[in-house]
Amino acid sequence: MNAFKDRIRFLLRVLTRNPFAREVLLAMAQAKLLPKSIWRRLPVETTFLVSLPNGNSFKYSGIANDAIARAIFWCGWDGWEPETMRVFYKLAQKSKLFLDIGANTGLFTLVTLAANPQAKVMAFEPVPQVYKRLLSHIEINGWSDRCQAKNLAVSNTVGETKLHIPFEDVPLSASLNPEGFRGYEGYLIDINVTRIDTICSPNEPIDLLKIDAEGFDDKVLEGLVQVLSNSAPNIIVECNYDGPFIAVETILNKFGYRFFHLRPEGPVAMNKIVPDENKLYRNYLCTVRDDWEEIKCLQP
């Protein structure tokens, strides 16, 4: 069975490496004729341009097992977590300083820098091979002067810790849990860890955060209470049933945050964080905004 799967993967790579075949498939995808069940299996091994609604764009370099590359190549800039990305894009257009915590290959970082030529970004990615891809994406777009990338884990402590990395080319579920996250098999490395309050100046307000820390989102928040107090940034955070969503809600309640579940129809106001039972829409917008009209402007 594994030999058969390997053969299929090989044939798909040969197919999508052919420029003519790739263009035909891309035209089908743009015409909504390429189902997700197919495009999610089609590897993207090329550097391509991603265009945003404001006319700006960024370069992204895909490799065979990069799920993010597949989503945005075949489906466009909002192909990855579209219900989140469409809201995030509008927030990023007005952001001056964005912190991308758990940046992975840098999609949210790249969208911010392209959406807003005045924005600056600080991006954190602890997995060494993924961090290199993050750096590469920043460099090929010429944005090194606007983005600081750090090969650090983020939590509520400063020092060194263990990071569990799944056996994948572009892992999406690396975790500070030494046993791994959601049962992924992998290996441990030593990694430096920091608190946001330790490295960010209180004189430079942060207005937008994205937190994707694979079960340690509450620890990230515990390490940036000064930022919450001084800047009250808009926050996009992943909230899953097997994650610390209750602790996340408790921390943010202390700072007057409101919660909006990011769904295809737009942000849905919630009295508390309730993870999606179908595990389809994992992200929440947390904000101190109290103007519902402002929130409605974030509708897709």
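Scroll up to find the structure this text is about.
Residues numbered from 1 in each chain as written. Predicted model: local features only at pLDDT ≥ 70, side-chain atom pairs only at ≥ 80, totals over all residues. Heavy atoms only, no water.

**Q** Where do I start with the pattern of salt bridges in this structure?
**A** If charged atoms from side chains of opposite charge come close, those side chains can pair. Throughout the structure, instances matching the rule amount to 8 salt bridges. Residues Glu 214 and Arg 182 are paired through a salt bridge, measuring 3.9 Å at the closest nitrogen-oxygen approach. One end of the pair, Glu 214, is in the loop between β9 (208-211) and α9 (217-222); the other, Arg 182, is in the loop between β7 (159-166) and β8 (186-194), with 32 residues separating them in the sequence. In this structure Glu 214 comes out as buried when scored by relative accessible area, which is 5%. The exposure class of Arg 182 is partly exposed, given its relative accessible area of 37%. Residue Arg 195 is joined to Asp 197 by a salt bridge in which the shortest nitrogen-to-oxygen separation is 4.0 Å. By relative accessible area, which is 25% here, Arg 195 ends up partly exposed. Several salt bridges share partner residues, and in doing so they unite Arg 182, Glu 214 and Asp 242 into one network. (Salt bridge = Lys/Arg side-chain N within 4 Å of Asp/Glu carboxyl O. Helix = DSSP H or I, 4+ residues; strand = E, 2+ residues; numbered from the N terminus. Buried < 20%, exposed > 50% of the residue type's maximum accessible area, 1.4 Å probe, protein only.)

**Q** Teacher, can you tell me more about unusual backbone geometry here?
**A** Phi is positive for Asn 104, close to 55 degrees, though the residue is something other than glycine. Here the phi dihedral of Ala 232 falls at roughly 45 degrees; this positive angle occurs in a residue that is not glycine. By the secondary structure assignment, Ala 232 is in the loop between α10 (225-230) and β10 (234-238). Taking relative accessible area as the criterion, Ala 232 reaches 27% and is therefore assigned partly exposed.

**Q** How do you make sense of the side chain of Thr 84 when you look at a structure like this?
**A** Structurally, Thr 84 is set in helix α5 (residues 82-92). Excluding residues within four positions of it along the chain, Thr 84 makes contact with Phe 108, Ile 236, Leu 262 and Asn 283. (Contact = heavy atoms within 4.5 Å.)

**Q** Quick question: what am I supposed to make of the sheet that holds β9 here?
**A** What links the strands of a sheet is backbone hydrogen bonding, and the strands pair in either a parallel or an antiparallel sense. With mixed pairing, 8 strands are arranged side by side in an open sheet as β5-β4-β3-β9-β10-β13-β11-β12. In this open sheet, the two strands that pair with only one neighbour each are β5 (147-150) and β12 (266-270). With direction set aside, neighbouring strand axes in the sheet form an average angle of 20 degrees. Where strand β4 (residues 120-124) and β5 come together, 4 bridges link them in parallel fashion. Across the sheet, residue Ala 123 finds its bridge partner in β5, namely Ala 149. Helix-sheet contacts for helix α6 (residues 107-115) involve β3 (97-101), β4, β5 and β9, and the interaxial angle to β3 is about 165 degrees. Each of β10, β11 (258-263) and β13 (283-287) is contacted by helix α11 (residues 245-253), which is oriented at about 135 degrees to β11, the strand it contacts most. (Pairing = 2+ DSSP bridges. Axes fitted to C-alpha atoms, helices over the stretch in contact; angles between N-to-C directions.)

**Q** How should I be thinking about the nonpolar core in this particular structure?
**A** Among the nonpolar cores identified, the biggest contains 48 residues, and Phe 58, Tyr 60, Trp 74, Phe 88 and Leu 285 are the most heavily contacted of them. Per-element tally for this core: the top contributor is α6, with 7 residues. Here Phe 58 is in contact with Phe 48, Leu 49, Val 50, Leu 52, Leu 107, Leu 110, Val 111, Ala 114, Asn 141 and Trp 143, once residues within four sequence places are set aside. (Core = buried A, V, L, I, M, F, W, Y, C linked by side-chain atoms within 4.5 Å.)

**Q** I'm lost on the sheet that holds strand β6 (residues 153-154) in this one. Help?
**A** If you walk across this open sheet you meet the 3 strands as β6-β8-β7, and the pairing is mixed. One side of each edge strand has no neighbouring strand; the edge strands of this open sheet are β6 and β7. Two elements, β6 and β8, share 2 bridges in a ladder whose sense is parallel. Paired with Ala 153 across the two strands is Val 193, which belongs to β8.

**Q** Looking at this structure, how should I read the packing of α5 against α6?
**A** Packed helices, taken two at a time, are described by the angle between their axes plus the distance between the axes. Packing of α5 against α6 leaves a shortest axis separation of 9 Å and a crossing angle of 40 degrees. In terms of their interaxial angle, α5 and α6 are classed as oblique. You can see that α5 and α6 cross each other, and the crossing is right-handed. Where α5 abuts α6, its residues Thr 84, Met 85, Phe 88, Tyr 89 and Ala 92 lie against Leu 107, Phe 108, Val 111, Thr 112 and Ala 115. (Parallel < 35°, antiparallel > 145°, perpendicular 65-115°, else oblique. Left-handed = near helix turned anticlockwise from the far one by under 90°.)

Worth remembering: the numbers are spatial, not functional.
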